[in-house]
Structure formats: C-alpha cells, structure tokens
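# Summary of structural features
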Amino acid sequence: MSKAAKLAMVAAGIAAGAALITYYIVSYLTVTPPVVAATGSAPNANLTLQTVASFGHPPHVDWVSYLAKNPQGKWVHSTVLRVPANSTVNVTIYQFDTATGLRNPFWGEPRGTTGGTMNVDAKTLNVLNPDLASHTFAIPELGVSVPLKGVPDDAKNQCSVAPCSLSEAHTTVKFSFKTGKPGKFRWQCFVPCAAGFPLGFGGPMQSLGWMDGYLEVAG
Amino acid sequence: MTQIATERGPQHVRLVVGIWLALTAVAVPLIVLVLGPHLPPGRMTAEASSQRDANVLMTALLVPIGLLVCVAFIYSFVAFRQSGEAIVDGPPLKGHAGTQLLWIVVTGAIVVALAAWGSYTLIASSHGSGGGQGPDPIANPSGYKHALPVQVIGQQWEWTFRYPTYGSIETRDIAIPAHTLVAFHVTSLDVTHSFWAYELGVKADAVPGVDNIAYVNARRTGFFQVRCAELCGLWHGNMAKKGRVLSPQAFQAWIAAAKTKNDAVQKYLPPYNPWYFPAPLRRAG
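What counts as what
- Positions within a chain are numbered from 1, following the residues in the order the chain's sequence is written.
- Naming scheme: in the order in which they are written, chains are lettered from A and ligands are numbered from 1.
- Only residues with pLDDT of at least 70 get local features here, since the model is predicted, and only at 80 or more are side-chain atom pairs given and counted; chain-wide, interface and lining totals rely on the full set of residues.
- The side-chain quantities take in all heavy atoms of the structure and omit both hydrogens and water.
- Under the DSSP-based scheme used, a helix requires at least four consecutive residues in state H or I and a strand at least two consecutive residues in state E, with every element numbered from the N terminus.
- With C-alpha atoms as the basis for the radius of gyration, the globule rule is written as 2.2 Å multiplied by the number of residues raised to the power 0.38.
- Should any heavy atoms of two residues lie within 4.5 Å, those residues are counted as being in contact.
- Methods summary: accessible areas were calculated by the Shrake-Rupley approach with a probe of 1.4 Å, and residue burial reflects only the protein chains presented.
- Positive charge is attributed to Lys and Arg, negative charge to Asp and Glu, and no charge count is given to His or to the chain ends.
- Where a charge sits is defined by one atom per residue type, namely NZ (Lys), CZ (Arg), CG (Asp) or CD (Glu).
- Two strands are counted as paired when DSSP detects at least two bridges linking them.
- Axis angles are defined between N-to-C directions and span 0 to 180 degrees, where every axis is a line fitted to C-alpha atoms and, for a helix, only to the segment in contact.
- To define a nonpolar core, start from buried Ala, Val, Leu, Ile, Met, Phe, Trp, Tyr and Cys residues and group those joined through side-chain atoms within 4.5 Å.
- Each residue is assigned to one of three classes by its accessible area relative to the maximum for its type, calculated with a 1.4 Å probe on protein chains only: buried under 20%, partly exposed between the two thresholds, exposed over 50%.
- To estimate how far a helix should extend, the number of its residues minus one is multiplied by 1.5 Å.
- Note on terminology: pairs of cysteine sulfur atoms within 2.5 Å are recorded as disulfides.

Let us look at the overall build of chain B. Broken down by element type, chain B carries six helices and 10 strands. The C-alpha radius of gyration computed for chain B amounts to 27 Å, which surpasses the reference 19 Å derived for 285 residues by more than 25%, pointing to a less compact arrangement than a globule. Its C-alpha atoms put chain B at 85 × 45 × 30 Å along the principal axes. Within chain B, contacts between residues at least 6 apart in sequence are counted, and of these 70% link residues at least 24 apart. As displayed, chain B has an accessible area near 15,300 Å², and 65% of this comes from carbon and sulfur atoms. Separation of charge centres in chain B, based on 21 positive and 15 negative side chains, amounts to 6 Å.

Next comes the structure, spelled out in structure tokens:
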C-alpha cells in the first residue's frame, strides 16, 4: 500500500471519528423532550402522567416510559414538566405497567406528599407493599417519592402501545406536593425497570424523556 | 546573545537560584500559615485532619518545585531573548554528572519520604485515614468493636442509611453523634458508587455485594456534604445531600424522630445485612 493511500485511510478514520463525536454532541444538545406545562395556575396546579410498559413507537418501541398530558389534553412523550412556584401541585398518574417490585423496599412509603399519603384507586395509603410496585415518581431534591402500584400480571386488556387509554387495565395514583422557590429539579424512577438491560439499569433508566426528567418550577 | 549567555552562565544560575530562594522563603510560610488552615477537608475529624496535613505538606513541597520551573522559564524568556538577527545554533549541551545526581537524590528522597509518611498516616496513625478498608479492616481504631454502625446504601441515584443499633431503621438523611466512633458500612444496591463525606474525610467505594468499612470520629457538631465520587449514571452529579453531626443527646432525639417518620415502611424492610446484591428482576431479563 502506498504512503498516500495509508495517509488517506488515516485521514478518513479521523474524519469518521470526528463526525461521530460531533453527531453525539449535537444529538445530546438538541434532542431534549418538549416542556409540558401543568394545568391551572398558582397556587394550584395539576399534572397528569401515565406510565407504559412499552412505548410502542420508534426510536425505542419496547422501552418503558412516562408520558405527560399537556394543557390541551393531548398525551406528549416527555418528562420535562413545568409547574408554578409556591404552589400545591396535584398529580394524577395512570399506571399501566405491571408490578416488578422495588429493589429497595424503603421507597414503598410515600414521602414529601401532602399528609404523607397517596391515593391509590380511591384508597388513601401511607405505604405500599413494595412487591406491588411498578415504578416510583421521585423528586429527591424536594423530598418527594411516591411508589406506583402496578396492574396485576394477569389483568385483562393490558396496554401495549402509548398513549394508553383509561379503558385499558391501569391503577390510578393521586397525590399532592408543594413547590417552593423557582428552580430546576431532576426526577426519576427508582425501580430498575429497563427490560432487556443488565439488571434493568440501562436504556430508559438512563435517558431523559423516558424514566427520568426535569421538574421546572417557574416563578 | 548565546555567547554572552554562556560567558555569564554562573551569574545566571546565581540569579535564578536567588530569585527562587527568595520566592520560596515567602511562599512556603504563606502556604503553611495562611492557606493551610483553609485547605480541604478541614478538621471536623481526625481523619479529615490527617488529610489536611497531607494537603499542606504536599503543597508546601510542590510549590518550591513549581516556582523553580517558573522562575527558570521566565528568566530564560527575559535573559536569553533573541531578537534581530537570525537564530543560530548555540554551543552543544553537555551533561553534568553532579547536577544530575543531585536531582535524582533530591527528588527520590522527596518521593520516598512522602510514601513513608503517607503509609504511616494511612495505616498506623489514623484508622485508615477515612478510606474504605473492605469487610476486614487492618487499621482498626481502639474501641472499634463498640463503634456505632451506620450502613450507607448507594442506589441510582440516592443514598439511604440504616442504623442496625436502632432497629435497623432506614432513612433518607444521615446524622451521626459527635465524639463517638462510627463505623460506616458502605455498600450498593446496583452499580458502583463512592460515599464521599467531604468534611468527615471519608471516601469509600460502595460496591454491590461488599461491606466496605470506614471509621470516623467527629470532634464537633456541624454539617457535612455527601457526594458520590464514582461516575454512576445519568444523575451521578445530583447524588448529593447534607449530613449532620449532632451532640449525643440530639442524635438520640433525631433517631427517635426518624423511627416515627419511617415507621410505616419498617415492616417491609429486609433484615439488616452487611451487604445486598442486586438479584435480577423479572423485567431485567
């Protein structure tokens, strides 16, 4: 192989590497889930979310995910939520996924909610049997952590494609928490629920827009 | 210019050494007396103190070396500046056995002395110096068998804490009593984390299936920062919280309140175990 050919190969390799790095950086910076605002206004706002076992659409058909309902009533594939500061946020989560249990049973207790309780299918609870949980909705910096009860494995009419409808098997979890000063807080699921990944920790557990997101508390 | 520099070589050396000695004479006392008290991680514990002493010593030793390089560099810029005519090759450089030997002896002595001092601090004088020693520590402080155990559990992306002496309650917050030997038992439920209690001078890896023990004895009450010092995923940077060192009486009150606060979930917690292992879940198949 001639010297020129070797040089050309090296240059091509460097160019390919640079292109991949650039693609990664641009993708990281530009692919941000859209912001979904809560309905209502200070001092009371309402957030409506749902969890689905598999999103059912590209780019990750079989990834577990949260979705949020925007003020127009449309389900949006996003986990970036905006709520007013110094308000009570009333959260409703329709939980369409089955139970996998909490790896740490400690998260079975709702924390940081009004009254330290949650409402699951019209019952007020101050703890959930960890084996019945499917996911959690947790904002660690605000001290909020709520376990989400899963639907039974043998439930009929289970949802497989987002957005799920309320005619499909689900549990309804309601709770409230208070916001303080404006800020941006991460929120996440504490259940390693990423099917197909080692110990359930990859993919959607590590990705904004799926099982992780931001809560933007706006002034 | 080259000819002038060569002719005045000894004079240049004396000047460089003189400037360096003068700067060192000013800088080292400033580092020890002025900067030293502000170097991390403070003196909240004996372990933190030994780390600060190490930082002061290291800085005081390294600054003269850095100064020598900087002085020689800047002096060369000024004294040997070439302007106007084209640059020509200078006279060939020859090695100087005496200088080389001195350099090797001095730097070697510094490295060996620091290694000996560091080893002594780590093993003999400071209970492991705040580092995790694994499940069978070799540097046990006196009275370690009566140390208060506090289990630190890392999980993506939060720390929780268990107190086996107090019914194995688990909490989101951490508090320890002052003037009490505490044995942190650091472990993880998922990936590798690292429990870094900054002001306490404690940094211990949290590894699934491992009970990593680090001792600490806080000298005073106050707050300490907790961070994760091992890149552990998306929210690694948010894995932080503020811990408290309380008086023994206040600690008892804190424990009682924590028991009440976390009572509802207590019946679901597994028996205390030195470590936990992330058994595969159905969903993770």
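All names here are of chain A. Going from A42 to P43, the amide bond is cis rather than trans, its omega being 10 degrees. Residue placement: P43 occurs in the loop between strand 2 (39-41) and strand 3 (44-52). Going from P58 to P59, the amide bond is cis rather than trans, its omega being 10 degrees. Position of P59 relative to the elements: it lies in the loop between strand 3 and strand 4 (65-69). For N157, which is not glycine, the phi torsion reads 60 degrees and is therefore positive. On the secondary structure map, N157 appears in the loop between strand 11 (144-149) and strand 12 (171-178).

Okay, the sheet that holds strand 9 (residues 222-228) of chain B next. Residues and elements named next belong to chain B. Spatial ordering of the open sheet is given by 4-10-9-6-7, a layout of five strands whose pairing is mixed. The outermost strands of the open sheet, each flanked by one partner alone, are strand 4 (175-177) and strand 7 (202-206). The mean angle between the axes of side-by-side strands here comes to 25 degrees, regardless of whether they run parallel or antiparallel. Here three bridges tie strand 4 to strand 10 (residues 241-246), and the two strands are oriented parallel to one another. Across the sheet, the residue bridging to I176 is V245, located in strand 10.

So, about the nonpolar core. Grouped together as the largest cluster of nonpolar side chains are 45 residues, with contacts concentrated most on L47, L81, F137, I139, F175, F177 and L215 of chain A. The element best represented in this core is strand 10 (residues 133-139) of chain A, accounting for four residues.

A word on helix 3 (residues 46-79) of chain B. With 34 residues, helix 3 of chain B should reach 50 Å at 1.5 Å per residue; the first-to-last C-alpha distance of 49 Å fits that figure. Among the residues of helix 3 of chain B, E47, A48, S49, S50, R52, A54, V56, A60, P64, L67, V71 and Y75 of chain B are the ones counted as buried.

Another aspect to go through is the sheet that holds strand 2 (residues 158-163) of chain B. Residues and elements named next belong to chain B. Strand order in the open sheet formed by five strands is 3-2-1-5-8, and the pairing between neighbours is mixed. A single partner strand is all that each edge strand has here, and the edge strands are strand 3 (169-171) and strand 8 (212-217). With strand direction ignored, the average angle separating the axes of adjacent strands in the sheet is 25 degrees. Here strand 1 (residues 148-155) pairs with strand 2 via five bridges, running antiparallel. The residue of strand 2 that forms the bridge with Q151 is R162. Along the sheet face, helix 5 (residues 248-261) touches strand 1, strand 2 and strand 3 and points at about 95 degrees away from the line of strand 3.

Residue and element names in this part refer to chain A. As enumerated under the stated definition, the model contains one disulfide over all chains in all. Two residues share a disulfide in this structure: C159 and C164, whose sulfurs sit 1.9 Å from each other. The S-S bond linking C159 to C164 shows a torsion near -80 degrees; that makes this disulfide left-handed. Across this residue pair, the class does not change: C159 and C164 are buried.

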